[in-house]
Amino acid sequence: MSIVIVGGNECMTRQYKELCGEFNCTAKVYPKTTSGLKSIGSPDLLVLFTNTVSHKMVRCALNETKGRNTKIARSHRSSMAALRSILEEHVS
């Protein structure tokens, strides 16, 4: 399963990827806007950490996945526990 994480803490990027690896998932993490999120691709799950991301970045991520079979999970918190609960809910 492929996962894209938008937002979150920049210093926790490696930890987010490791946690996704524990669930046998590959992850791309975009803690801040770099290239307008053009390289998102078509992930199975899009995780939006809404507390640490701008409205513009959320809109851009949602536009990139529009019309695709992508599940979207939003969380106000960007902690490891929040990501773990999202993964437990969406990854079978």
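Each remark here, short or long, concerns the structure printed above.
Residues numbered from 1 in each chain as written. Predicted model: local features only at pLDDT ≥ 70, side-chain atom pairs only at ≥ 80, totals over all residues. Heavy atoms only, no water.

With respect to the overall build of the chain
Move 1: Across its full length, the chain carries 3 helices and 4 strands.
Move 2: Listing each helix as α and each strand as β along the chain from the N terminus yields β-α-β-β-α-β-α.
Move 3: Its C-alpha atoms give the chain a radius of gyration of 12 Å, within 12% of the compact-globule value 12 Å for 92 residues.
Move 4: For the chain, the spread of C-alpha atoms along the three principal axes comes to 30 × 25 × 20 Å.
Move 5: The 92 residues of the chain split such that 43% are buried.
Move 6: Contacts in the chain between residues far apart in sequence, at least 24 positions, make up 70% of those at least 6 positions apart.
Move 7: Surface summary for the chain: the accessible area is close to 5200 Å², and the carbon and sulfur share equals 47%. (Helix = DSSP H or I, 4+ residues; strand = E, 2+ residues; numbered from the N terminus. Rg over C-alpha atoms; globule rule 2.2 N^0.38 Å. Buried < 20%, exposed > 50% of the residue type's maximum accessible area, 1.4 Å probe, protein only. Contact = heavy atoms within 4.5 Å. Areas by Shrake-Rupley, 256 points an atom, 1.4 Å probe, with all protein chains shown as cover.)

Observations regarding the pairing of strand E4 (residues 71-75)
Move 1: As defined by bridge partners, strand E3 (residues 45-49) adjoins E4 across 5 bridges and the pair is classed as parallel. Its bridge partner being in E4, leucine 48 is matched across the sheet by arginine 74.
Move 2: In this fold, the crossover linking E3 to E4 by way of helix H2 (residues 55-64) has right-handed handedness. (Pairing = 2+ DSSP bridges. Right-handed = clockwise from strand over helix to strand, strands pointing away.)

What to know about the environment of isoleucine 40
Move 1: Among the structural elements, isoleucine 40 can be located in the loop between strand E2 (26-30) and E3.
Move 2: As for isoleucine 40 and lysine 28, which are separated by 12 residues in sequence, their C-alpha atoms are 7.9 Å apart.

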